[in-house]
Amino acid sequence: MACLKTLPFLHRPRSPLKSALILSSARPLSSPRRRPSATLSFTSASSAATMASIATVEHIVLFKVRDSTDPSKVDAMVSNLRSLVSLDISVHLAAGPVLRHRSTAASAAGFTHLLHSRYRSKADLAAYSAHPAHVTVVKEHVLPICDDVMAVDWVAELDGPAAPPTGSAVRLTLAKPKEGAAAELARTLAEAKSFAPAAVTQLSYGENFSPARAKGFDVGFLAVFPSLEELDALDAGEKDLLESVKEKVRPLLESVIVVDAVVPPPPAASL
């Protein structure tokens, strides 16, 4: 269905693109109209599941819930998406509201919710997508209340836990490169990994391999921070550099969707 040690970063060489994907204006451009809570609802097939420097399949889905939707139906959508963790196919699954939009394109698109899940392989993602329980949730709880759905998948070399820790802030960036620029964009990301701010606890990025629902957003990027406060502090500390960074990366990009979310504690177990 998302921190501040800026001084070391400010005095090290860095990639313009990496900075552009992590940074945004100090204030969000907008918040989604429908925001039942300020955090993602999080579940995982195993709270201890980790993936250290191995290929991990990222699956991101953004939903735009219709404004007139009854809140109970929105809650049902989220809870049913979360229930898909019981299929025991994903190593991480989080579904819930978008906390805030951080780019003009994100505000224009108006996505209200997201699902983020991780898999050991493309075959596992395909099994999840085709599973009757998943198909039923989409048909009965997603499509009837959503005006738009967008999905992006990529393979990343992921360091650290498969499930971001409780309280982590997640910044999702989906980039639409200009024609012919996707490979260069991905190369720049690969070269820039070592220049990430110290506050970033985990980075995931790659080229989308499922173009049907990606709307041309061919590169995905996910940055995890220890907390929303540290993410905000990084934004504030780097805001003076933002415009110059944008000037450097603009030739590669047609559009960028940036949204933030926060990972809460797992739901309490039922007695």
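Overview of the structure. For clarity, every value in this text was computed on a predicted model and none was experimentally measured.

**What to know about the pairing of strand 9 (residues 219–225)**
Most of strand 9 sits inside the fold, with seven of its seven residues counted as buried. Burial along strand 9 is two-sided: Val219, Phe221, Ala223 and Phe225 and Gly220, Leu222 and Val224, pointing in opposite directions, are all buried. With seven bridges joining them, strand 7 (residues 169–177) and strand 9 adopt antiparallel strand pairing. Along strand 9, the bridge assignment pairs Leu174 with Gly220. Bridge count between strand 8 (residues 202–207) and strand 9: six bridges; the pairing is antiparallel.

**A closer look at the packing of aromatic side chains**
Taken as a whole, this structure holds two aromatic pairs when the rule is applied. Between the NZ or CZ atom of Lys122 and the centre of the ring of Phe209, over which it lies, the distance is 4.4 Å.

**Let's talk about the nonpolar core**
Of all hydrophobic cores here, the largest spans 23 residues; its most connected members are Met77, Leu81 and Tyr128. For this core, the secondary structure elements donating two or more residues are strand 2 (54–65), helix 3 (71–83), strand 3 (92–97), strand 5 (113–119), helix 5 (122–130), helix 6 (132–142) and strand 6 (146–158). Setting aside chain neighbours within four positions, we find Tyr128 in contact with His59, Leu84, Leu87, Ile89, Leu93, Leu115, Tyr119 and His134.

**A look at helix 3**
Taking 1.5 Å per residue, 13 residues should reach 18 Å; helix 3 reaches 18 Å between its end C-alpha atoms and fits that length. Those residues of helix 3 not exposed but buried are Val74, Met77, Val78, Leu81 and Arg82. Taken down its axis, helix 3 places every buried residue within 130 degrees of arc, on the same side.

**Structural notes on helix 6**
All buried positions along helix 6 are accounted for by His134, Val137 and Val142. Down the axis of helix 6, the buried side of the element spans an arc of 60 degrees, and every buried residue falls inside it. Those residues of helix 6 that are exposed and aimed more than 90 degrees away from the buried face are Pro132, Lys139 and Glu140. Summarising the contacts, the buried residues of helix 6 are in contact with strand 2, helix 3, helix 5 and strand 6.

**What about the environment of Val74?**
Structurally, the position occupied by Val74 is in helix 3. With 71 residues separating them in the primary sequence, Val74 and Ile145 have C-alpha atoms 7.8 Å apart.

**Remarks on the sheet that holds strand 9**
Here five strands make up an open sheet; going across it, the order is 4-10-7-9-8 and the pairing antiparallel. At either margin of the open sheet sits one strand with a lone partner, and together these are strand 4 (100–101) and strand 8. In this sheet, strand 10 (residues 253–262) lies alongside strand 4 in antiparallel orientation, the contact comprising two bridges. Note on strand 10: the bridge partner recorded for His101 is Val259.

Quick notes on the rules
- Residues numbered from 1 in each chain as written.
- Predicted model: local features only at pLDDT ≥ 70, side-chain atom pairs only at ≥ 80, totals over all residues.
- Heavy atoms only, no water.
- Buried < 20%, exposed > 50% of the residue type's maximum accessible area, 1.4 Å probe, protein only.
- Helix = DSSP H or I, 4+ residues; strand = E, 2+ residues; numbered from the N terminus.
- Pairing = 2+ DSSP bridges.
- Phe/Tyr/Trp six-rings, centres within 6.5 Å; stacked < 30°, edge-to-face > 60°.
- Lys NZ or Arg CZ within 6 Å of the ring centre and 35° of its normal.
- Core = buried A, V, L, I, M, F, W, Y, C linked by side-chain atoms within 4.5 Å.
- Contact = heavy atoms within 4.5 Å.
- Expected span 1.5 Å × (residues − 1).
- Arc of directions from axis to C-beta.

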